[in-house]
Amino acid sequence: MRTLARWSLVALAVTGMGSAMLADGDTRPITSAEKAFARKTMEILSAAIPPPPSGWTVTRRSDTEPPSFLSGTRPRPMELFYEQTWEDTGRKRHAQSEAMTAMANVKPDPKADVNAETAEKRFQEVMGKISKAAEKGDQAEMNKLQPEMQAASKAYQDALMAKNKGLLDASAKATVSDADAQIRIEANARYEYLDVAAQEAVAPGIMGYRVNGPSGRQGATWVFLGPWQISKDGRSTRFQLPPLSGPSTSIATVKVRVEGEPSRAKAILAKVDWTALKGLVK
């Protein structure tokens, strides 16, 4: 009986876990009314994005078809998004062509080649010493060789960089600034946490929040429409609102993100159809 009771408890626990997992991942088919609302909303989101500037092309655009299923069984505003990716294809191709030509014209540097070979030989020598010390289990010797190993490793890396400098400089010609942009518009977004670097008006009555990108990458400018609650958290800024409630066929918030160089992002945002987007928020 004790064993049976124990197995019964296990079964109840497993059943409870299964129910919780199912509840978290519940989906239901979208209704015809919701599908019509989603299609109309997606059309407004896509039409709000301006055409790319002269010389640029749309290289990717997301689907505007409504989803077939919605998550959750309780009514709440459905989350929708639309995005496009742009490129200055002509400039990028020209830069790549210049890089290929420059790489083909790189001439070897005999002195740099000799220095790299010498540095590699020294590096291998120190590695050999450390390997022998490791085989003997001589930790003291390994510790003693660490500064020598670090110096040999750095010298070898520096020599390789010098040897390949011509190729690296040539390949860098393929890098073009302000040749990519991405525009994403989300309806019923609920939370964002950003390291805001600057704020500026990007259109009449529209404030943009600039976020710097990682080293060597362009950042993004964000715009938030709707009853967002904005608060500081140290150096970062939190954009949030209470859990969304109400009919699925309603829009509470709109969030716009434009990735690109600051001036490019501002120029794109200035041409967004803000009247249409603000008209969605009820």
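Criteria and thresholds
- Residues numbered from 1 in each chain as written.
- Predicted model: local features only at pLDDT ≥ 70, side-chain atom pairs only at ≥ 80, totals over all residues.
- Heavy atoms only, no water.
- Helix = DSSP H or I, 4+ residues; strand = E, 2+ residues; numbered from the N terminus.
- Expected span 1.5 Å × (residues − 1).
- Buried < 20%, exposed > 50% of the residue type's maximum accessible area, 1.4 Å probe, protein only.
- Contact = heavy atoms within 4.5 Å.
- Polar contact = N/O pair within 3.5 Å; in protein donor to acceptor, adjacent residues only side chain to side chain.
- Pairing = 2+ DSSP bridges.
- Axes fitted to C-alpha atoms, helices over the stretch in contact; angles between N-to-C directions.
- Core = buried A, V, L, I, M, F, W, Y, C linked by side-chain atoms within 4.5 Å.

On to helix H4 (residues 110-136), then. Since the α-helix turns once every 3.6 residues, residues separated by three or four places project in the same direction. For H4, built from 27 residues, the straight-helix expectation of 39 Å at 1.5 Å per residue is met to within 8% by its first-to-last C-alpha distance of 40 Å. Residues of H4 that are buried: Ala112, Ala116, Ala119, Phe123, Val126, Ile130 and Ala133. In this fold, the buried residues of H4 make contact with helix H5 (139-163). N-capping of H4 is provided by aspartate 109, with a side-chain oxygen placed 3.2 Å from the backbone N of lysine 111. Residue glycine 137 follows H4 closely and has a positive phi angle near 70 degrees.

With antiparallel pairing, the 7 strands of this open sheet are ordered in space as E2-E4-E5-E12-E9-E8-E7. What marks the edges here is a single partner per strand, and that holds for strand E2 (57-61) and strand E7 (196-203). Averaged over all pairs of adjacent strands, the angle between their axes in this sheet comes to 20 degrees, without regard to strand direction. With respect to the sheet, helix H2 (residues 32-47) is in contact with strand E4 (80-87) and strand E5 (180-187), its orientation differing from that of E4 by roughly 30 degrees. Across the sheet, helix H7 (residues 262-270) is in contact with E4, E5, E7, strand E8 (206-211), strand E9 (220-225) and strand E12 (254-259); its angle to E7 comes to roughly 35 degrees.

A separate point is the sheet that holds strand E10 (residues 229-233). Overall, antiparallel pairing links the 3 strands, which are arranged E6-E11-E10 in an open sheet. Edge positions in the sheet fall to strand E6 (191-194) and E10, since each of these pairs with one other strand and no more. Averaged over all pairs of adjacent strands, the angle between their axes in this sheet comes to 15 degrees, without regard to strand direction.

With respect to the element layout, glycine 219 can be found in the loop between E8 and E9. Between the alpha carbons of glycine 219 and alanine 181 there is a distance of 10.0 Å; along the sequence they are 38 residues apart. When sequence neighbours within four positions are dropped, the list of residues in contact with glycine 219 reads Arg210, Val211, Asn212, Gly213, Val258, Glu259 and Gly260.

Mapped onto the elements, proline 247 comes out in the loop between strand E11 (236-240) and E12. Proline 247 sits 171 residues away from arginine 76 along the chain, and the two C-alpha atoms are 5.4 Å apart. Residues in contact with proline 247, not counting those within four places in the same chain, are Arg76 and Pro77.

Turning to the nonpolar core, a few remarks are in order. If you look at the biggest cluster of nonpolar residues, it comprises 32 residues, and the most contacted ones within it are Ile185, Val223, Val256, Leu269, Trp274 and Leu277. Of all the elements in the fold, those that place two or more residues in this core are H2, E4, E5, E7, E9, E12, H7 and helix H8 (274-280). By residue number, the principal contributor to this core is E5, which donates 4 residues. Ala189, Val196, Val211 and Trp228 belong to the second-largest nonpolar core, a separate cluster that totals 13 residues.

All right, on to unusual backbone geometry then. The backbone of asparagine 188 shows a phi angle near 70 degrees, a positive value even though the residue is not glycine. With respect to the helices and strands, the residue asparagine 188 is situated in the loop between E5 and E6.

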